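Tertiary structure, described
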Amino acid sequence: MSTFDTPIDRRDSDSIKWGKYAGRDILPLWVADMDFAAPPPVIAALQRRIEHGVFGYGGPWPSLTESVLAHLETEYSWRIEPEWIVWLPGLVSGLNIACRAVDGEVLTATPIYPPFLSAPYFSGRPLHRAELVRTENGWRFDHAALKSALTAATRLFLLCHPHNPVGRCWNRDELLDLAAFAEANDLVVCSDEIHCGLVLDADKRHIPFASLSAQAAKRSITLMAPSKTFNIPGLGCAFAVIPDAKLRHRFERAMAGIVPHVNVLGLAACEVAYRDSGDWHHELIDYLRANRDLVFATVSQEKGVKMTPVEATYLAWIDVRELGLVKPAEHFEAHGLGLSDGADFGAPGWLRMNFGCPRSTLEEALKRFSIACRAA
Ligand SMILES: Cc1ncc(COP(=O)(O)O)c(C=O)c1O
C-alpha cells in the first residue's frame, strides 16, 4: 500500500480539474495536476509560514536560492549562478515573456502544450511549426521539417523538454543537434523544463538544454518550477534561468509592470520541495511508473488506439484516429472519461490522458476507456 493509493476527494473544491465535470459522472484525467497531496515537508513548511500571519510582498531569501542551486547541481549536474534566476508566477507567463523579449518570429515542434501555440500569437509574433515524427522507436525531431519551417526572421525556438504531450525525455544527442541548429540559425532556445523531475525510466536522465555547453547556455532561457513534480501548481511559483546578462535584461524588461511578485507560499514550498522531499519523490516516480505501465498495457490491447511508451511526465498521448470518431473527446466524456483534446495541441484525433491519480481511480478510468473504444 502506497500513500498515493488513498483517494482524496477533490469534488466541490477549488480544483479546475474536478470542477469541469461537477455533477456529472466523468472522471477528470485532463489538466496536468495530480490527485495527490503535496509532500509532507512542503505541507509543514506552508503551515509554519501561515503561522507567521503576515503575508506582505515577498522575494527570494538565501536558503531558498541555495536550495534551488543545490537541487539543479545534484539532480542535473547543472551549476548556475544565483543572479541567473528570474522568479516567475508560472511557466506560461515565462513562455509569453520569452516571445516578447526575443525580437523575431517563433518556431516550435508540434504536437505541443497549447500555450506554446498561443504565446507567440498573444505576443504578436508569427509562429512556424514543424511536426515531430513518430518512428518505431518513438517520437523524434524532424530536422528537415525544422529547417523548412524556419524563416530568415525566426529568432526563438520554443522547446518542451521533457515533451508534453509525447512524453519524450530528449537525450544528449538530440539536444546537441538542436543546439547546433540554434547556433547555425542564431536562435534563442526557450526550454520549458517543467516536467524535468518526472522522468519515469530508470535508465534515462534529464539534461537541461543550457547545461550542454557554454554556447547553448548563452542562447538559452530555461523555465523550471517545482510545481509539476511536487504537485503544487496552484501555489504559483516558477523561475527562469538566463545565463546571458543581455538576454536576461530583455526578459526582465518584458516583465516590467505586468508580472507580479511571486506568491510567498509558493516560495516557501519551493525551498523544501527541492531540499527535503526526496523520499516522497522516489515513491512518486515508482507509483507513476506502475500507472504508466497499466495505461500502456490497456491501450495496447484495444483495437483502433495506439500510444508510444511515456519516458517522462504523467501524461499519455493516445492516437484514436482509427476509431473514426468525429469528436473523440466528447465520445470519451459520454463514457465517463474526461481527457484532453489533441486538437488543442495541434493534433486532432489524439487524446491526452493524465495518469497522476490513485490506482483505483486509474483502474476505473481504464475500464471506461476500454468500453468507450469498443463502443466507437
Ligand atoms: C510544458 C508545460 N509548461 C507549462 C505548464 C504550466 O505552467 P504554469 O502552471 O507554471 O504556468 C504546463 C502545465 O501543464 C506544462 O505542461
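Every value quoted in this text rests on a predicted model; they were computed, and no experiment measured them. (Residues numbered from 1 in each chain as written. Predicted model: local features only at pLDDT ≥ 70, side-chain atom pairs only at ≥ 80, totals over all residues. Heavy atoms only, no water.)

**Side note on the pattern of salt bridges**
On inspection of all chains with the given rule, the structure shows 26 salt bridges. For Glu 174, the salt bridge identified is with Arg 168, shortest N-O distance 2.7 Å. Residue classification places Glu 174 among the buried residues on the basis of a relative accessible area of 11%. Counted as one network, the salt bridges with shared partners bring together Asp 201, Asp 203, Lys 204, Arg 292 and Asp 293. (Salt bridge = Lys/Arg side-chain N within 4 Å of Asp/Glu carboxyl O. Buried < 20%, exposed > 50% of the residue type's maximum accessible area, 1.4 Å probe, protein only.)

**Comments concerning the domain arrangement of the chain**
For the chain, the assigned domains are domain 1 (3–31 + 278–374) and domain 2 (44–275). Between the C-alpha centres of domain 1 and domain 2 the distance comes to 25 Å. Counting from both sides, the interface comprises 25 residues of domain 1 and, opposite them, 28 residues of domain 2. Of all residues in domain 1, Glu 311, Thr 313 and Phe 345 give up the largest surface area on contact with domain 2, accounting jointly for 29% of the area buried on that side. At the boundary of domain 1 and domain 2, one finds 3 salt bridges. The partner of Asp 201 in a salt bridge is Arg 292, with the nearest N and O atoms 2.6 Å apart. Between the two partners, domain 1 and domain 2, sit 14 residue pairs in polar contact (both at pLDDT 80 or more). Put simply, the parts of the chain that give the side of domain 1 that touches domain 2 at least two residues each are α11 (278–301), β12 (315–319) and β15 (350–354). Considering each element in turn, the side of domain 1 that touches domain 2 owes the most residues, 7 residues, to α11. (Domains from an automatic or database assignment. Contact = heavy atoms within 4.5 Å. Buried area = accessible area lost by both parts, 1.4 Å probe. Polar contact = N/O pair within 3.5 Å; in protein donor to acceptor, adjacent residues only side chain to side chain. Helix = DSSP H or I, 4+ residues; strand = E, 2+ residues; numbered from the N terminus.)

**Concerning the sheet that holds strand β4 (residues 127–131)**
Taking strand neighbours across the sheet as the criterion, the 7 strands line up as β2-β10-β9-β8-β7-β3-β4 in an open arrangement whose pairing is mixed. At either end of the open sheet lies a strand with only one pairing partner, and these are β2 (85–88) and β4. Ignoring which end each strand starts from, the neighbouring axes of this sheet average 20° apart. Note that strand β9 (residues 220–224) and strand β10 (residues 238–241) share 3 bridges and pair antiparallel. Looking at the pairing, Leu 223 lines up with Ala 240 of β10. (Pairing = 2+ DSSP bridges. Axes fitted to C-alpha atoms, helices over the stretch in contact; angles between N-to-C directions.)

**Let's talk about unusual backbone geometry**
The phi torsion of most residues other than glycine is negative, and most of the peptide bonds are trans. In the segment running from Thr 110 into Pro 111, the intervening peptide bond is cis, with an omega of 5°. With respect to the helices and strands, the residue Pro 111 is situated in the loop between β3 (105–110) and α5 (115–122). Each neighbour pair has its own omega, and for His 161 with Pro 162 the value is -5°, a cis peptide bond. Within the secondary structure layout, Pro 162 lies in the loop between β7 (154–160) and α7 (172–184). A positive phi angle, near 85°, is found at Thr 313, a position not held by glycine. Tracing the backbone shows Thr 313 in the loop between β11 (306–307) and β12.

**Structural notes on the environment of Asn 164**
One can find Asn 164 in the loop between β7 and α7. The spatial distance from the C-alpha of Asn 164 to the C-alpha of Pro 60 is 29 Å, given a sequence separation of 104 residues. At 3.1 Å, the side chain of Asn 164 forms a polar contact with the side chain of Arg 352.

**So, the sheet that holds β12**
In spatial order, the strands read β11-β12-β15-β14; together these 4 strands make up an open sheet with antiparallel pairing. Sheet topology places β11 and β14 (340–341) at the edges, where each strand pairs with a single neighbour. Examined bridge by bridge, β12 and β15 share 5 bridges and lie antiparallel to one another. Along β15, the bridge assignment pairs Ile 318 with Leu 351.

**Here's the deal with the site of the ligand**
The immediate surroundings of the ligand are formed by Ala 32, Gly 90, Leu 91, Val 92, Tyr 113, Cys 160, Asn 164, Asp 192, Ile 194, His 195 and Lys 228. Look at the ligand: alone it shows 400 Å² of surface, and the protein chains cover 87% of it. Counted by class, the shell around the ligand contains 6 nonpolar, 3 polar and 2 charged residues. (Near = heavy atom within 4 Å. Areas by Shrake-Rupley, 256 points an atom, 1.4 Å probe, with all protein chains shown as cover. Nonpolar A, V, L, I, M, F, W, Y, C, P; charged D, E, K, R; others polar.)

**Notes on the side chain of Thr 313**
Since its relative accessible area comes to 0%, Thr 313 is described here as buried. Here Leu 315 takes part through its backbone nitrogen, which lies 3.1 Å from a polar atom of the side chain of Thr 313. In contact with Thr 313, not counting residues within four places along its chain, are His 163, Gly 167, His 195, Leu 198, Leu 200 and Phe 355.

**Comments concerning helix α9 (residues 245–255)**
Think of an α-helix as turning once every 3.6 residues; residues three or four places apart then point the same way. Those residues of α9 lying buried are Leu 247, Arg 248, Phe 251, Ala 254 and Met 255. One face of α9 carries all of its buried residues, which in axial projection span an arc of 125°. What points out from α9, more than 90 degrees from its buried face, is the exposed set Lys 246 and Arg 253. Where α9 terminates, the next one or two residues include Gly 257, which has phi positive at roughly 80°. (Arc of directions from axis to C-beta.)

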